[in-house]
Amino acid sequence: NFIQLSSGTDFYINEWIKMAKILKLNIGWQYEVTTRDGADFEQINLSSSLLDAGLSYQIAGDMFLLLGLKSWSAEGNEFIQSRDDFNRIVDFESIQINAQESSVASGLQYNFNTRNSLSLVYELYALENKIEGNINYGISQFNLLFNLYF
């Protein structure tokens, strides 16, 4: 069985406070549950949730300040495949999952038109695996992203 619930929306705060420059808040949420009955080695019970939020502020003209947050968590069990030297699946191994990921980003975006933009974003990413010896991982990076649609 697989169940997914999701919701999201955009709020144009500038319209509420009668501001000329665009100030947009977008929020979203997604929840998933995967279950499978059967023998002990066949059972799956995995749930995950994703929360994201973003803020976009029009600095001037087509230049925007961006702020964003994503938080993902998962808990339960799943199967991963074991492969041989020829990349053939030979078995499946049950794994336990209890993890939390987060990403916080901020940057600038210039919109050339409604479909094309250039963004410079700084991102902080963190992963906390609560089962694998409390393995924590993080990275911070700058991204330059050019969106071009024809």
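If you're wondering where the values come from, they're calculated on a predicted model, not measured in any experiment.

Student: Help me understand the overall build of the protein chain, please; the structure alone is not making it clear to me.
Tutor: Within the protein chain one finds one helix and seven strands. Each helix and strand of the protein chain, placed in order from N terminus to C terminus, yields the pattern β-α-β-β-β-β-β-β. A compact globule built from 150 residues would reach a C-alpha radius of gyration of about 15 Å, whereas the protein chain, at 21 Å, exceeds it by more than 25%. Projected onto its principal axes, the C-alpha positions of the protein chain cover 60 × 35 × 35 Å. Going through the 150 residues of the protein chain one by one, you find that 19% of them count as buried. Approximately 10700 Å² of the protein chain is accessible, and the part contributed by carbon and sulfur atoms is 57%. The distance from the centre of the 9 positive side-chain charges to the centre of the 18 negative ones in the protein chain is 13 Å.

Student: I'm lost on the pairing of strand β3 (residues 44-60) in this one. Help?
Tutor: Successive residues of a regular strand alternate their side chains across the two faces of the sheet. The pairing of strand β2 (residues 23-36) with β3 spans 14 bridges and is antiparallel. Pairing of Gln30 across the sheet is with Leu50, part of β3. Summarising the sheet, β3 and strand β4 (residues 63-83) pair through 15 bridges and their orientation is antiparallel. Directly across from Asn45, in β4, lies its bridge partner Asn77. Hairpin connection from β3 to β4: two residues lie between these consecutive antiparallel strands, with Gly61 at a positive phi of about 50 degrees.

Cut-offs applied
The numbers attached to residues start from 1 for each chain and follow its sequence in the written order. This being a predicted model, a pLDDT of at least 70 is required before a residue's local features are given, and a value of 80 or more before pairs of side-chain atoms are given or counted; all residues contribute to the totals for chains, interfaces and linings. Computation of side-chain values covers all heavy atoms of the structure but excludes hydrogens and water. The numbering of helices and of strands both runs from the N terminus, where a helix is a DSSP run of H or I of at least 4 residues and a strand a run of E of at least 2. Radius of gyration here is computed from C-alpha atoms only, and the compact-globule reference equals 2.2 Å multiplied by the residue count raised to the power 0.38. Under the scheme applied here, a residue whose accessible area is under 20% of the maximum for its type counts as buried, over 50% as exposed, and between as partly exposed, the area being computed with a 1.4 Å probe on protein chains only. Per-residue and other accessible areas follow the Shrake-Rupley method at a 1.4 Å probe size, with only the shown protein chains counted as cover for residues. In this tally Asp and Glu are treated as negative and Lys and Arg as positive; neither His nor the chain ends contributes. Just so you know, the charge point we use is NZ for Lys, CZ for Arg, CG for Asp and CD for Glu. Pairing between strands requires that DSSP locate at least two bridges from one strand to the other.

These values are about where atoms sit, not about what they do.
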